[in-house]
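Close look at the chain arrangement
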Amino acid sequence: MSSENEKKAMSRRDLFGTTAKLATLAGAATLGGGVGTLVGAGRSEAATPSHKAPEVAPGQLDDYYGFWSGGQTGELRIIGIPSMRELTRIPVFNRCGATGWGRTNESLKILTEGLLPESREYLKKQGMLTFDNGDTHHARPSYTNGTYDGRYLFVNDKTNARVARVRLDIMRVDKVVQIPHALGVHGLRLQRYPRTGYVFCNSEFRVPIPNDGKILDNYHDYRCVFTAVDGDTMKVAWQVMVDGNLDNTDCDYHGKYAAATCYNSPEGVTLEQMTDKERDWAVVFNLKAIEAAVKAGKATMIDGVPVLDGRKKAKHNYTRYIPVPTSPHGCNATPDGKYFVANGKLSPTVTIVEWAKLDDLFAGKIKEDDCIVGQLEVGLGPLHTTFDGRGNAYTTLFLDSQICKWNIEDAIRAYKGDKSVKPIRQKLDVQYQPGHNNATMAETKDADGKWLVSLNKFSKDRFINVGPMKPNNDQLIDISGDEMVLVKDESAFQEPHDATIVPRKLINPIDIYKRDDPMFADAVAQAKKDKVDLLNDNKVIRDGRKVRVYMTSQAPKFGLSDFKVKHGDEVTVYVTNIDDVVNLTHGFNLTGHGISMEISPQATASVTFRADRIGVYYYYCHQFCHALHMEMQGRMLVEA
Ligand code: K7E
Ligand code: CUA
């Protein structure tokens, strides 16, 4: 950085000094038009794709799968890297018309069986079976020995406190669990070693436990819990009560510790109260001590879940609170397994904590501050950090609209007082206001330092105007050389928070379902009871007021060209796609009934409804499967 730039940066930073808290908050409130335009003001014509622009010509395949969270859409997206092409979406917490997710019996079972009783009761009163929205932030593939194993992917739902597991062989959710004693499940990371294992979830908001109305406005009695879900059973393994609001989390590469950034250490409920301190903390969790305490029956069972008290005043060895500047955000473990980085957000710094020091901390040999081995000023609004596996870190600067590349060991040397090192390697403008960034394989021991994506919340003038709500701008940056080079802009609908990028060889989805897939095991079992061969029979079975309609689909024909039911019957339609051809998906879309679903090759899908409308209703295939696809239809006759 030139001294001129340095001066400019410093004067902006002064604005963020703790003495000028109100200025900070005022600044933070007007990010979009105010502070955010300080850097890269006006339209940026820079970043003309250079010789390094990724070449993925038509017909060529990408090198990586990018797993994007879909934010408020409640879904996941798969983006090809380096092309940045959106390859598909995975419906998770949302209702999806293309697939029938949230309407088919198969998806409703998954979406409802993990709900807490109180949610079930609430939903019933609303005439709903499940929540039809979600807010996905952090999607992470499962690990074995510190690297991705291609089994599962886990993602949080911030708004309804759920965690979903996606099977990576079919790219569909197979389990959902709702987290008790929590509102706003935000940070999510997976145990890396020996395997996943635990899914660590941060509940963000502090709530009364139980939240039954006895405690209302006395917010000092609210609690926040850190939850470990068992990734195999998708049941809550244990919870630890903590001080403050949990934000993001990560864990080590040895299976010993997890860490979480906390804001709101004053435990207030207004913005002023929440930021009324110079320091918050990163809370660290001693997994062995927690497991031993749970095993020894030291936890309080609340709603069937073992809950330990990890608050400071409880003085247990489950947790320690490492002080970091106020309102930290991202929490990121380095791929060498040595450190984690807490990102300052309101402070222009990143704080580096050494995992190995936690042994001595929990043994009482050193103090919390002694675990901090580095604190580097990177710029304004540091939110998240990622890594290249060559010792460098890349931190998003929300307010500066930049990515700051810095060297980890140099930052540690500088913190020790070595004035000769300059840890900051480069700052690159991004357009604009980045939240997460992530580099290829950065969260594994095999970080490969090829590509980095910057997920920018504001796109402003980067795309043609689509109205007041603009797309996000996901930018691809080549980090394979000494310099970061911006090579691509890609628009995204609100609001992918985060992305994980995995080489394609580690992910092996199937093309055609196997008939024993658990996704439709219930349908197979019911058919067996009804003595129906799903691959060959087309039958209507009446069972009192329940009617089960079994039909095949094979381009361009449904096995039944019509079926008849009585007004008021409870009808379940089972469709089995008997085509054994890659890419040959059929749809079942029932007119006037709000029903549509897809049936992939060799799959069975089913949907249940009451035949409450008398008359003739067509069902048709909604996937363009054949030249006679329009003719792929039939009639449901509902008699009075
Ligand atoms: Cu938006 Cu990871 Cu939820 Cu930061 S989080 S940006
Ligand atoms: Cu089957 Cu279109």
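Note that the structure is a prediction, hence the values are computed from the model and not measured.

It is worth spelling out empty space enclosed by the protein at this point. Counted according to the given criterion, the structure contains one cavity of 30 Å³ or more. Taken as a whole, the largest cavity holds about 190 Å³ of empty space. Lining the largest cavity are 16 residues, with R172, Y513, M519, E598 and A605 sitting closest to its centre.

An order of β34-β40-β39-β36-β37 is seen for the five strands of this open sheet, with the pairing classed as mixed. With one partner strand each, in any of the chains shown, β34 (562-566) and β37 (595-599) form the two edges of the open sheet. Looking at each pair of strands side by side, their axes are set apart by 20° on average, direction ignored. Taken together, the two bridges between strand β36 (residues 586-590) and strand β39 (residues 615-620) define a ladder with antiparallel strand orientation. In the sheet register, N589 faces β39, and the bridge partner there is Y620.

With that out of the way, let us pick up the sheet that holds strand β13 (residues 257-263). Strand pairing within a sheet occurs via backbone hydrogen bonds; the two strands may be parallel or antiparallel. Pairing is antiparallel in the open sheet, where four strands are placed in the order β12-β13-β14-β17. Of all strands in the sheet, those with a lone pairing partner are β12 (245-251) and β17 (319-325), marking the two edges. For this sheet the average axis-to-axis angle between neighbouring strands, irrespective of direction, equals 25°. Sheet strands in contact with helix α6 (residues 287-295) are β13 and β14 (279-286), and its direction is about 60° off that of β14.

Another point: the pattern of salt bridges. Tallied over the entire structure, the rule returns 38 salt bridges. A salt bridge links D250 to R189, with the nearest nitrogen and oxygen atoms 4.0 Å apart. Residue D250 is located in strand β12, and its partner R189 is located in strand β8 (residues 183-190); the two are separated by 61 residues in the primary sequence. Under the relative-accessibility criterion, R189 is labelled buried at 2%. Between D562 and R635 there is a salt bridge, with the nearest N and O atoms lying 3.5 Å from each other. Here R635 lies in strand β40 (residues 633-639) and D562 lies in strand β34, a separation of 73 residues in the sequence. With relative accessibility at 31%, the residue R635 sits in the partly exposed group. Each of the salt bridges in this network shares a partner with another, and the network as a whole consists of R140, R189, R192, D250, E443 and D498.

Going through the model one piece at a time under the given rule, you end up with 17 aromatic pairs. With 4.8 Å between their ring centres and 45° between their planes, F340 and W355 make a pair best called tilted. You can see F340 sitting in strand β19 (residues 339-343) and its partner W355 sitting in the loop between β20 (349-354) and α7 (357-362), a full 15 residues away along the chain. Take F340: its relative accessible area is 0%, and that puts it in the buried class. The class of W355 is buried, set by a relative accessible area of 4%. Here the guanidinium or amino end of K345 rests over the ring plane of Y263, the centre of that ring lying 5.3 Å away. Directly above the ring of Y432 sits K460, whose terminal nitrogen or CZ lies 4.6 Å from the centroid.

Okay, α6 next. Those residues of α6 lying buried are L287, A289, I290 and A293. The arc that holds the buried residues of α6, viewed along the axis, is 165°, so those residues lie on one side. Of the surrounding elements, those touching the buried residues of α6 are β9 (198-205), β11 (235-242), β13, β14 and β16 (305-309). G297 sits one or two residues past α6 and shows a positive phi near 75°.

Estimates place the volume of the largest pocket at around 920 Å³. Around the largest pocket, the lining is made up of 29 residues, and of these T88, M171, P509, I510 and D511 lie nearest the centre. Elements supplying a minimum of two residues to the lining of the largest pocket: β1 (64-69) and β3 (86-90). Ranked by the residues each element gives to the lining of the largest pocket, the list is headed by β3, at three residues. A per-class count over the lining of the largest pocket returns 15 nonpolar, six polar and eight charged. When we break the lining of the largest pocket down by domain, the ones giving at least three residues each are domain 1 (64-94 + 133-505) and domain 2 (522-639).

Of all the seven residues making up strand β10 (residues 224-230), six are buried; the element is thus mostly covered by neighbouring parts of the structure. Judged from the five bridges that link them, β9 and β10 form a sheet pairing that is antiparallel. From the neighbouring strand, Y198 faces β10, where its bridge partner is D230. Remark: four residues form the turn of the hairpin made by β10 and β11, two consecutive strands paired antiparallel; M234 in that turn has positive phi of roughly 55°.

Of all hydrophobic cores here, the largest spans 84 residues; its most connected members are F67, V163, I179, M551, F563, V573 and F588. Element by element, the count of residues in this core is highest for strand β5 (residues 147-157), at five residues. When we break this core down by domain, the ones giving at least three residues each are domain 1 (64-94 + 133-505) and domain 2 (522-639). In contact with F588, other than residues within four places in its own chain, are M551, F558, V573, V575, I595, S596, M597, I599, Y619 and Y620. Of all hydrophobic cores here, the second largest spans 24 residues; its members include A258, W281, V283 and A293.

So, on to the domain arrangement of the chain. In terms of domain boundaries, the chain breaks down into domain 1 (64-94 + 133-505) and domain 2 (522-639). Here the C-alpha centroids of domain 1 and domain 2 sit 43 Å apart.

Let us now look at the environment of L246. Mapping L246 onto the fold places it in strand β12. Judged by its relative accessible area of 0%, L246 falls in the buried class. The sequence separation of L246 and G146 amounts to 100 residues, and the corresponding C-alpha distance is 24 Å. Excluding anything up to four places from it in sequence, L246 contacts N202, S203, E204, C224, V225, F226, A260, T261, C262, Y263 and V283.

So, on to the state of the cysteines. Applying the stated rule across the entire model yields zero disulfides. Cysteine C331 remains unbridged, with the sulfur of C251 as its closest cysteine sulfur at 9.4 Å. Using a relative accessible area of 1% as the deciding quantity, one classes C331 as buried. The cysteine C404 is free of any disulfide, with C331 supplying the nearest cysteine sulfur at 18 Å. Here C404 falls in the buried class, since its relative accessible area comes to 0%.

The rules behind each value
- Sequence order sets the numbering: in each chain, residues are counted from 1 along the sequence as written.
- Chains carry letters from A onward and ligands carry numbers from 1 onward, assigned in written order.
- Local features in a predicted model are, by the rule used here, given only for residues with pLDDT of at least 70; side-chain atom pairs are given and counted only at 80 or more, and totals for whole chains, interfaces and linings are based on all residues.
- Only hydrogens and water are set aside when side-chain values are computed; all heavy atoms of the structure are taken into account.
- As defined here, a cavity is a set of points on a 1 Å grid over the protein atoms alone where a 1.4 Å probe fits but cannot get out. A pocket is an open set with protein on both sides within 12 Å along at least five of seven lines, and residues line them when an atom is within 4 Å of a point.
- Grid points are joined across faces, edges and corners, and a volume is the space filled by probe spheres set on the points.
- When DSSP finds two or more bridges between two strands, those strands count as paired.
- Only runs of H or I of at least four residues qualify as helices and only runs of E of at least two qualify as strands under DSSP, and these elements are numbered from the N terminus.
- The convention used is that axes are lines fitted to C-alpha atoms, helices contributing only their stretch in contact, and that angles between N-to-C directions extend from 0 to 180 degrees.
- Working rule for contacts: check all heavy atoms of both residues, and any pair within 4.5 Å makes them a contact.
- Throughout this description, the term salt bridge denotes a Lys or Arg side-chain nitrogen within 4 Å of a carboxyl oxygen of Asp or Glu.
- Here's how the labels work: a residue is buried when its accessible area is under 20% of the maximum for its type, exposed when over 50%, partly exposed in between, all with a 1.4 Å probe on protein chains only.
- In this analysis, rings of Phe, Tyr and Trp, with Trp reduced to its six-membered ring, are considered paired at centre separations within 6.5 Å, and the interplanar angle assigns stacked below 30 degrees, edge-to-face beyond 60, and tilted for intermediate values.
- In this analysis the charged atom, NZ for Lys or CZ for Arg, is taken to sit over a ring once it is within 6 Å of the ring centre and within 35 degrees of the ring normal.
- As used here, the arc belongs to the directions running from the helix axis to the C-beta atoms.
- Each residue is assigned to one class: nonpolar for Ala, Val, Leu, Ile, Met, Phe, Trp, Tyr, Cys and Pro, charged for Asp, Glu, Lys and Arg, and polar for all the others, Gly among them.
- Note that the domain bounds reflect an automated or database-derived domain assignment.
- As used in this record, nonpolar core signifies buried Ala, Val, Leu, Ile, Met, Phe, Trp, Tyr and Cys residues forming a set joined through side-chain atoms within 4.5 Å.
- Disulfides are defined as pairs of cysteine sulfur atoms found within 2.5 Å of each other.

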